[in-house]
Amino acid sequence: MSEQELKALRVRIDSLDEKVLELISERARCAQEVARVKMASLAEGEVPVFYRPEREAQVLKRVMERNKGPLGNEEMARLFREIMSSCLALEQPLKVAYLGPEGTFTQAAAMKHFGHAVISKPMAAIDEVFREVAAGAVNFGVVPVENSTEGAVNHTLDSFLEHDMVICGEVELRIHHHLLVGENTKTDSISRIYSHAQSLAQCRKWLDAHYPNVERVAVSSNAEAAKRVKGEWNSAAIAGDMAAGLYGLTRLAEKIEDRPDNSTRFLMIGNQEVPPTGDDKTSIIVSMSNKPGALHELLVPFHDNGIDLTRIETRPSRSGKWTYVFFIDFVGHHRDPLVKGVLEKISQEAVALKVLGSYPKAVL
Ligand SMILES: O=C(O)C(=O)C[C@]1(C(=O)O)C=C[C@@H](O)C=C1
């Protein structure tokens, strides 16, 4: 390519950027207008709802449907995700608590779902995320709920039993783990590997093959593991990209998770009900009386109405020995007539039924 050609292309890019800039600014002014309309149409005592997950899902889906490339759908949606995040920040800067410290996969999930224009607050434990939302100190919280290799995150499920929370979104993240060391670490003298227990479990086979005699130490998060090895000479951490970047660590081995499709699903929790989008999921907690066939009774209405169950998890209930609650996710919104019917049928048989929330299926 000649210098001349390159110059001409850059002139074209400059001119396109000016148009993109003007269009983004126009969009942002539009969002400010939306905020004005929302404020003006409030009934007395009503609080404005600026964040609209159902609308965001619709915007991102539309972008993906209309995208003709060469950028991929996900890439394009990510760009719009950030534009929308900044537009919303003009209406109302969202505060989001997540399972910290900084650099965790939960933080990455929060950014993937809300974009980077939110004010994010790391919390030391899952229960603290719930409490922060319940106290109204933040608008939303982000917590992990299940991993494709290791299963349910029980702390999160148990927290739903203790707090009244509305689930308003989900996001899935492909989890890649790396073996990380600080700059002063001699790689042949590693005597300890830190990570979160779930991450150690997700890399068990790799560790058995490569570091069978090295002590594995479970800490509160993999970001915490990364933070520790920064100052230690004989230690390594298992953590992800965000933590590696944040603590300036070197990747000794990349993508060491045993299963290449290792993914974690995260939930957004808040106090806001989300209207239907036509492509939603619902999460419920049900407790049945301890009698034969109870689980069968619970599942039959779903089957009879062709409702797709995406997950069922059992946890000990907090109210009695050997009694259980079921966490069930299914496709549909609790306001859909078919779903309403199923929930009514179940509540006739159940000791208790609580809808945790209906929310758009993850778009990104
Ligand atoms: O449509 C709205 O209600 C808006 O506030 C606008 C907008 C957007 O930028 O498109 C911004 C924030 C909401 O969460 C959803 C969409």
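Residues numbered from 1 in each chain as written. Predicted model: local features only at pLDDT ≥ 70, side-chain atom pairs only at ≥ 80, totals over all residues. Heavy atoms only, no water.

Under an unreviewed UniProt entry, the chain has the name Bifunctional chorismate mutase/prephenate dehydratase and belongs to Pseudomonas aylmerensis. UniProt lists a comment for the chain under the heading Subcellular location (unreviewed entry), and it reads "Cytoplasm". We quote the UniProt Function (unreviewed entry) comment for the chain here in full: "Catalyzes the Claisen rearrangement of chorismate to prephenate and the decarboxylation/dehydration of prephenate to phenylpyruvate." (UniProt positions renumbered as here; feature names shortened; annotations may be inferred.)

This paragraph deals with the site of the ligand. What surrounds the ligand is the set Arg27, Val34, Lys38, Phe50, Tyr51, Arg52, Arg55, Glu56, Met84, Cys87, Leu88 and Glu91. Take lysine 38: an N or O atom from its side chain is 2.7 Å from an oxygen atom of the ligand. At 2.6 Å from an oxygen atom of the ligand is found a side-chain nitrogen or oxygen belonging to glutamate 56. Compared with its free state, where it exposes 360 Å², the ligand has 90% of that area covered by protein. The set of elements that each furnish at least two residues to the shell around the ligand consists of α1 (3-40), α2 (53-66) and α3 (73-91). Ranked by the residues each element gives to the shell around the ligand, the list is headed by α3, at 4 residues. Here the shell around the ligand is composed, by residue class, of 6 nonpolar, no polar and 6 charged. (Near = heavy atom within 4 Å. Polar contact = N/O pair within 3.5 Å; in protein donor to acceptor, adjacent residues only side chain to side chain. Areas by Shrake-Rupley, 256 points an atom, 1.4 Å probe, with all protein chains shown as cover. Helix = DSSP H or I, 4+ residues; strand = E, 2+ residues; numbered from the N terminus. Nonpolar A, V, L, I, M, F, W, Y, C, P; charged D, E, K, R; others polar.)

Before going further, it helps to spend a moment on unusual backbone geometry. Residue proline 70 follows glycine 69 across a cis peptide bond; omega there is 5 degrees. With respect to the secondary-structure elements, proline 70 resides in the loop between α2 and α3. That bond from glycine 100 to proline 101 is cis: its omega, 0 degrees, falls within 30 degrees of zero. Following the sequence through the fold, proline 101 ends up in the loop between β1 (95-99) and α4 (105-114). With a phi angle near 50 degrees, lysine 255 is a residue other than glycine that sits in the positive phi range.

Let us now look at the pairing of strand β14 (residues 324-331). With respect to burial, β14 is a largely interior element, 6 of its 8 residues being buried. Where strand β12 (residues 280-287) lies against β14, 7 bridges are found, and the strand directions are antiparallel. Bridging across to β14, valine 286 finds its partner in phenylalanine 326. Pairing geometry for strand β13 (residues 309-316) and β14, over 7 bridges, is antiparallel. Across the sheet, residue arginine 311 finds its bridge partner in β14, namely aspartate 329. (Buried < 20%, exposed > 50% of the residue type's maximum accessible area, 1.4 Å probe, protein only. Pairing = 2+ DSSP bridges.)

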